[in-house]
Amino acid sequence: MTLKSSLLAFTAVLAFAAPAFAADKSGDGEPAFRELYKELVETNTTLSAGSCTLAAERMAARLKAVGYSDDDIHLFSTPEHPKEGGLVAVFHGTGSKKKPILLLAHIDVVEANRADWTRDPFTLVEEGGYFYARGASDDKAMAAVFTDLMVRFKQEGYKPKRDIKLALTCGEETSGAFNGAEWLGQNHKDWIDAAYAINEGGSGQLDENGKMTAFGVQAAEKVFQNYQIETTNPGGHSSQPVPQNAIYDMAADLTKLSALEFPVEFNETTRAYFTKMADITGGETGAAMKALLKDPNDAAANAIVSKDKKWHSMLRTTCVATMIQGGHATNALPQRVDTNINCRILPGTSVESVRQVLDQAIGDPNHHVTILEPRSPATPSPALDPEIMAAVDAVSSKLFPGVPVLPTMTTGATDGIYTTAAGIPTYGISGMFVDPDGGGVHGLNERIRVKSLMDGRKFQYQFVKKLADL
């Protein structure tokens, strides 16, 4: 793809927006941060009706307003995807031999239907100690915090030893759409090249009473991959049915897949997570975790731990039917049925090997399981970097005393698969604590606690400085 210049649009946005960015004299700059966060959240960046390009231009305008030069900022999009652009910016250090730090956040959001929401999903509402809006948490909270850091560092005259880079990208929420992180890794790795990236995916956990229970550091993530099962039949008139039926064949295949359970496997991250979680949890479940760590084939221990759907998914590759399409008329025997199987694959496991397991479970050579494009990179998990963990421990112990730090593996997927594949180890570290239900992310009435957002902002300010001064 060829890079499309956004210079004219950017210049227009800057000229319009720059006067509003007055210096914040409140001390830690929270009012200015709230203004930035509100602007980003209220910029619609859904694939159907929004524009990541506009959001990126608005954040670039804020960086320019505090002194970032044209050479410090790259706005990018492509002719094929003019509204799915992004931003890369750099805050220069004093010349450390160490490679830069990359702050990575996606600015696109999941679709939201106003009729379904209690509040307008694209108006930021503060109510009852929460911020409500689509993207209030995922992932505009981190995008706003990272952009705010770049602004504050410039305003303070901060002189880090190493460069700090910011990448705001589009496409994380929509499989098959243009993905900015993937595009950067393939076309402009020089813009984002870094020792490692800090990304979404690792959040703190709150219990039902709002108490902090664990600080998560995502050091691994599962691989997102869609497969398709197809059953076919010559069809015919529905008044003369025959035993062979594409819908019945598919029903039989899906019944077999519903019983498919991949084996328990531990990697460095999940072994460390369950080792610590066993002591935190205690009781029968904690004992089961310890037993499973000793013997992954312990069926009784597996049954106890896997009652929790999150832990069940952390322990293994999972595959589930998510969409089905079939038949062509209400009065005709179906000629074709297609089902989408969404798998979340343990890192290091090949996409093809999972396809083979699905094939074997179905056990019918006439029913085809195919890998749907785009094919996700099956990237290995980065090692737990001692430099990062030491900085996390130092800052979290000061801001969140007594809260254990847990390395974790997200059961979803983030843009970290693309940056890791490009040779930039990527870790999910937010410093933001979420409710047990996840705060409605991807669902109705998405929310984040105001305190959690501000705590995350404080954490990132100290955490990034610790890394940048090494």
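Procedures and definitions
Along every chain, residues carry numbers that run from 1 in the direction the sequence is written. Side-chain atom pairs in this predicted model are given and counted only at pLDDT of 80 or more, local residue features only at pLDDT of at least 70, and totals for whole chains, interfaces and linings cover all residues. Hydrogens and waters are ignored; side-chain quantities use all the structure's heavy atoms. Here, the term nonpolar core denotes a set of buried Ala, Val, Leu, Ile, Met, Phe, Trp, Tyr and Cys residues that are joined through side-chain atoms within 4.5 Å. Only protein chains enter the accessibility calculation, which uses a 1.4 Å probe; a residue is then buried when its area is under 20% of its type maximum, exposed when over 50%, and partly exposed in between. Secondary structure counts use DSSP, requiring at least four H or I residues in a row for a helix and at least two E residues in a row for a strand, with both numbered from the N terminus. Residue contacts are defined here by distance: any two heavy atoms, one from each residue, within 4.5 Å place the two residues in contact. In this description, the term disulfide denotes a pair of cysteine sulfurs within 2.5 Å. In this analysis, the expected span of each helix is defined as 1.5 Å times one less than the number of residues it contains. Where helices are involved, their axes are fitted lines through C-alpha atoms of the stretch in contact, as for all axes, and angles between N-to-C directions lie from 0 to 180°. We call a crossing left-handed when the near helix sits turned anticlockwise from the far one by less than a right angle, and right-handed when that turn is clockwise. For this classification, Asp, Glu, Lys and Arg are treated as charged, while Ala, Val, Leu, Ile, Met, Phe, Trp, Tyr, Cys and Pro are nonpolar and the rest, including Gly, are polar. The arc in question is the one traced by the directions running from the helix axis out to the C-beta atoms. Polar contacts, as used here, are pairs of N or O atoms within 3.5 Å; protein pairs need one atom able to donate a hydrogen and one able to accept it. Residues neighboring in sequence count only if both atoms are side-chain atoms. One requirement defines pairing of two strands: DSSP has to find at least two bridges between them.

Peer 1: What am I meant to see in the nonpolar core here?
Peer 2: One broad rule of soluble globular proteins: the nonpolar side chains tend to lie buried together. If you look at the biggest cluster of nonpolar residues, it comprises 68 residues, and the most contacted ones within it are Y37, L87, I198, F215, I429, L453 and F463. For this core, the element with the most residues is helix 4 (residues 140–156), which contributes ten residues. F463 has contacts with I198, I388, A391, V392, V395 and I429, leaving out every residue within four places of it along the chain. One finds A220, M277, A278 and L293 within the second-largest nonpolar core, a separate group that totals 20 residues.

Peer 1: What is the right way to look at the state of the cysteines in this model?
Peer 2: Two cysteines form a disulfide when their sulfur atoms are joined by a covalent bond. Throughout the structure, instances matching the rule amount to two disulfides. Each sulfur in the disulfide pair C52 and C170 lies 2.2 Å from the other. Where C52 bonds to C170 through sulfur, the torsion about that S-S bond is close to 65 degrees, and the disulfide is right-handed. Of the two residues, C52 sits in helix 3 (residues 52–65) while C170 sits in the loop between strand 6 (164–169) and helix 5 (180–187), which places them 118 residues apart along the sequence. No difference in accessibility class separates C52 from C170, as the two residues are buried. Residue pairing for C319: its cysteine sulfur links by disulfide to C343, the two sulfurs lying 2.1 Å apart. On the sign convention where negative means left-handed, the S-S torsion of about 115 degrees between C319 and C343 marks this disulfide as right-handed. You can see C319 sitting in strand 12 (residues 318–326) and its partner C343 sitting in strand 14 (residues 336–345), a full 24 residues away along the chain. What links to what in the protein: the bonded cysteines, counted in sequence order, pair as 1-2, 3-4.

Peer 1: So what exactly am I meant to see when it comes to helix 12 (residues 351–362) here?
Peer 2: Because each turn of an α-helix spans 3.6 residues, side chains separated by three or four positions end up pointing in the same direction. The end-to-end C-alpha separation of helix 12 is 17 Å, in line with the 16 Å expected for twelve residues at 1.5 Å each. Here the buried face of helix 12 lies against strand 10 (223–232), helix 7 (246–258), strand 12, strand 14 and strand 15 (368–371). Residue G363 follows helix 12 closely and has a positive phi angle near 70 degrees.

Peer 1: I would appreciate a short explanation of the packing of helix 13 (residues 386–399) against helix 15 (residues 450–468) in the present structure.
Peer 2: Two measures define how a pair of helices packs: the angle their axes make with one another and the distance between the axes. Packing of helix 13 against helix 15 brings their axes to within 9 Å, and their N-to-C directions diverge by 140 degrees. Here helix 13 and helix 15 pass one another in a crossing that is right-handed. Where helix 13 abuts helix 15, its residues E387, I388, A391, V392, A394, V395, S396, K398 and L399 lie against K458, F459, Q462, F463, K466 and L467. For the contact of helix 13 with helix 15, the class distribution of residues is nine nonpolar, two polar and four charged.

Peer 1: I tried to follow helix 5 on my own but got confused; where do I start?
Peer 2: For helix 5, the full list of buried residues reads G180, A181, W183 and L184. Axial view of helix 5: buried residues confined to an arc of 160 degrees, hence all on one face. As for helix 5, its buried residues are in contact with strand 1 (73–78), strand 2 (81–91), strand 6, helix 6 (189–192) and helix 14 (416–421). One side-chain oxygen at the N-terminal end of helix 5 lies 3.0 Å from the backbone nitrogen of A181; it belongs to N179.

Peer 1: What is the right way to read the side chain of S396 from this model?
Peer 2: Take S396: it is sitting in helix 13. Within the structure, the side chain of S396 is placed 2.7 Å from the backbone oxygen of V392, a separation counted as a polar contact.

Peer 1: How do you make sense of the sheet that holds strand 4 (residues 125–127) when you look at a structure like this?
Peer 2: Note on sheets: strands pair through backbone hydrogen bonds, and any given pair is parallel or antiparallel. Sheet architecture is open: three strands sit in the order 4-5-19, paired in antiparallel fashion. The outermost strands of the open sheet, each flanked by one partner alone, are strand 4 and strand 19 (447–449). Averaged over all adjacent pairs, the angle separating strand axes in this sheet is 25 degrees, with direction ignored. In terms of strand pairing, strand 4 meets strand 5 (residues 130–132) through three bridges, oriented antiparallel. Its bridge partner being in strand 5, E126 is matched across the sheet by F131. Helix-sheet contacts for helix 15 involve strand 4, strand 5 and strand 19, and the interaxial angle to strand 19 is about 70 degrees.

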